[in-house]
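Structural characterization, general
Here are the chains, one letter per residue:
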Amino acid sequence: MKLLVSALEPSSNLHLKEMLKYISDDVELVGIFDKNITQHKPLYDISDMAIMGVVDAIKKIRWFFKVANELVELAKDVDKILLMDGSGFNLPLAKKLKKAYPQKEIIYYILPQVWASRPKRVEKLEKYCDKLLGILPFEIEYYNKAQYVGHPLLDEITSHYEAKSGTITYMPGSRKAEITKLMPIFRELKKQLKEKKAILVIPKTLSQDKIDNWYGDISGFELSYDAQTSLAQSEFAFVCSGTATLEAALIGTPFTLAYIAKKIDFFIGTKIFGIKQIGLANIFLTRYNNTTLHNELLQEDVTVENLLKEYQNTNKELFAQKAKELRDYLSHGSSKNVADIICKEV
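It should be emphasised that the depicted structure is a prediction, and the values quoted were computed from it without experimental measurement.

Let us look at the overall build of the protein. Of regular secondary structure, the protein possesses 16 helices and twelve strands. Here the protein has a C-alpha radius of gyration of 20 Å; the compact-globule value for 346 residues is 20 Å, and the two agree. Every one of the 346 residues in the protein was classed for burial, and the buried ones make up 53%. The contacts of the protein with a sequence gap of at least 6 include a subset with a gap of at least 24, amounting to 67%. When the accessible surface of the protein is split by element, carbon and sulfur atoms take 50% of a total near 16600 Å². Positive and negative side-chain charges in the protein, numbering 47 and 44 respectively, have mean positions lying 5 Å apart.

Following this line, the structure appears as structure tokens:
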């Protein structure tokens, strides 16, 4: 079997890596994915596809059209197609693929957040994709043919909160803009919490050159490349937005979200798309039972003083209760279910 994969984001590739554990070695992968997770060589590595915000996406738009056309050409020899997240690229790609190969099965795993913005994407997804695999129970109600397959993080998380005192974990994100905005604040915060051990989580994919240029002075931190273990062994964490917040929530480590976006991106998200929450755990719990798990400090509210208050005032017992509700809501992992769907009738 030959499978075309389009997985652009680091988080998608973590989920892809877990899913591949349940797929036979004789399945050949082609397309866009992390070159480090499989022996197969991608057409493009995910590092080639990285963008940060709306402005960066506009600058690269012509190149993305070129890449999409190359994937359509590559698809002529594959048996099935797997698109993961990244709807800005993958949804137009699905249209091109279905037009070129109407008989090839297109599977979309990790659906775009139509419940948050641009609900008209549902019609396109159902028109161009044969199977829609959702990782959130509530998103299925927006579609006619989507199915809930579980959440991949429940497969991937093996560590659980140990409630060790004296250790704080700092997670300033994985992109340059996130890291360079948060690190000066995190450095000052660490000084205020000088009696605490400070762990700085750095993505495994970053080169030493990027670490040196993006993070600045990190001499006072203990470096970690294992987010799960660091979170589990910390009494509290300060986490940038993204999958890391959900990871912390499912591990059970109390945390506060801290995020500083580009002003234009924040304006578009809040004023045009009407986004009110960015923490995934908060979004999910609000949908489930109209509660939240953690506080979100955004833009000018991300200050040393406010972060200190979060550490001092977070109700850890309530956090533990809400984190359990979240895990129960998501119920089970997705990796084996997705692998079974891909390999069915091949």
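What follows picks up the thread again.
Ranked by internal contacts, the top residues of the largest apolar core, which has 53 residues, are Leu16, Met19, Leu82, Tyr109, Phe284 and Leu326. The element contributing the most residues to this core is helix α11 (residues 243-251), with six residues.

Moving on, we get to helix α14 (residues 304-313). Looking only at α14, the buried set comprises Leu307, Leu308, Glu310 and Tyr311. All buried residues of α14 project into a common sector of 155° when viewed along the axis, lining one side. For α14, the exposed residues set more than 90 degrees away from the buried face come down to Glu305, Gln312 and Asn313. Buried residues along α14 sit against β7 (167-171), α8 (176-192), β10 (236-239), β11 (255-259) and β12 (296-298).

Applying the stated rule across the entire model yields eleven aromatic pairs. Ring centres of tyrosine 170 and phenylalanine 221 lie 5.4 Å apart, and the angle between their planes is 85°; this geometry places the pair in the edge-to-face category. Of the two residues, tyrosine 170 sits in strand β7 while phenylalanine 221 sits in the loop between α9 (208-215) and β9 (222-224), which places them 51 residues apart along the sequence. With respect to class, tyrosine 170 is no different from phenylalanine 221; both count as buried. Ring pairs connect the aromatic residues Tyr170, Phe186, Phe221, Phe236, Phe238 and Tyr311, which therefore count as one cluster. Taking NZ or CZ as reference, lysine 104 lies 5.5 Å from the ring centre of tyrosine 101, over its face. In this arrangement the basic side chain of lysine 190 is found over the ring face of phenylalanine 221, its NZ or CZ atom lying 5.4 Å from the centre.

Quick look at the pairing of strand β2 (residues 28-32) now. Within β2, four of the five residues are buried, which leaves it mostly tucked inside the rest of the structure. As paired strands, strand β1 (residues 2-7) and β2 are joined by five bridges and run parallel to one another. Its bridge partner being in β2, leucine 3 is matched across the sheet by leucine 29. Tracing the backbone out of β1, into helix α1 (residues 10-20) and back to the parallel element β2 gives a crossover that is right-handed.

Here the structure, examined in full by the defined rule, presents 15 salt bridges. A salt bridge links glutamate 18 to lysine 21, with the nearest nitrogen and oxygen atoms 3.0 Å apart. With a relative accessible area of 57%, lysine 21 lands in the exposed category. Between glutamate 235 and lysine 196 there is a salt bridge whose closest N-O contact spans 3.0 Å. Note that glutamate 235 is positioned in the loop between α10 (227-232) and β10 and lysine 196 in the loop between α8 and β8 (197-201), a separation of 39 residues in sequence. As far as the burial class goes, glutamate 235 and lysine 196 line up, both buried. Each of Lys80, Glu105 and Lys131 takes part in a single network of salt bridges with overlapping partners.

Moving on, we get to the sheet that holds β12. Taken in spatial order, the six strands line up as β9-β8-β7-β10-β11-β12 in an open sheet, and their pairing is parallel. Two strands in the sheet have a free side with no partner beyond their single neighbour: β9 and β12. Shown here is a sheet whose adjacent strand axes are inclined to one another by a mean of 20°, direction ignored. Bridge count between β11 and β12: three bridges; the pairing is parallel.

Attention shifts here to a positive patch on the surface. Where like charges cluster on the molecular surface, the positive patch consists of Lys95, Lys96, Lys99, Lys124 and Lys127. Looking at the positive patch, the elements with two or more residues in it are α5 (87-100) and α6 (121-128). Per-element accounting of the positive patch gives the leading share, three residues, to α5. If you trace the backbone, lysine 127 turns up in helix α6. Look at lysine 127 and you get exposed, because its relative accessible area is 59%.

Right, let's talk about unusual backbone geometry for a bit. Of note in this structure, asparagine 290 is not a glycine but carries a positive phi near 60°. Tracing the backbone shows asparagine 290 in the loop between α13 (280-289) and β12. At glutamine 299, a residue that is not glycine, the phi angle is positive and equals roughly 55°. Its location among the elements puts glutamine 299 in the loop between β12 and α14. For glutamine 299, a relative accessible area of 10% corresponds to the buried category.

Let's shift gears to the state of the cysteines. Scanning the model with the defined rule gives zero disulfides in all. The thiol of cysteine 129 is unpaired, and the distance to the nearest cysteine sulfur, on cysteine 343, comes to 18 Å.

Thresholds, definitions, all that
Residues numbered from 1 in each chain as written. Predicted model: local features only at pLDDT ≥ 70, side-chain atom pairs only at ≥ 80, totals over all residues. Heavy atoms only, no water. Helix = DSSP H or I, 4+ residues; strand = E, 2+ residues; numbered from the N terminus. Rg over C-alpha atoms; globule rule 2.2 N^0.38 Å. Buried < 20%, exposed > 50% of the residue type's maximum accessible area, 1.4 Å probe, protein only. Contact = heavy atoms within 4.5 Å. Areas by Shrake-Rupley, 256 points an atom, 1.4 Å probe, with all protein chains shown as cover. Lys, Arg positive; Asp, Glu negative; His and termini not counted. Charge placed at Lys NZ, Arg CZ, Asp CG, Glu CD. Core = buried A, V, L, I, M, F, W, Y, C linked by side-chain atoms within 4.5 Å. Arc of directions from axis to C-beta. Phe/Tyr/Trp six-rings, centres within 6.5 Å; stacked < 30°, edge-to-face > 60°. Lys NZ or Arg CZ within 6 Å of the ring centre and 35° of its normal. Pairing = 2+ DSSP bridges. Right-handed = clockwise from strand over helix to strand, strands pointing away. Salt bridge = Lys/Arg side-chain N within 4 Å of Asp/Glu carboxyl O. Axes fitted to C-alpha atoms, helices over the stretch in contact; angles between N-to-C directions. Patch = residues over 30% accessible without salt bridge, like charges linked within 9 Å, V, L, I, M, F, W, Y side chains within 5 Å. Disulfide = S-S within 2.5 Å.

As far as function goes, none of this settles anything; it's purely spatial.
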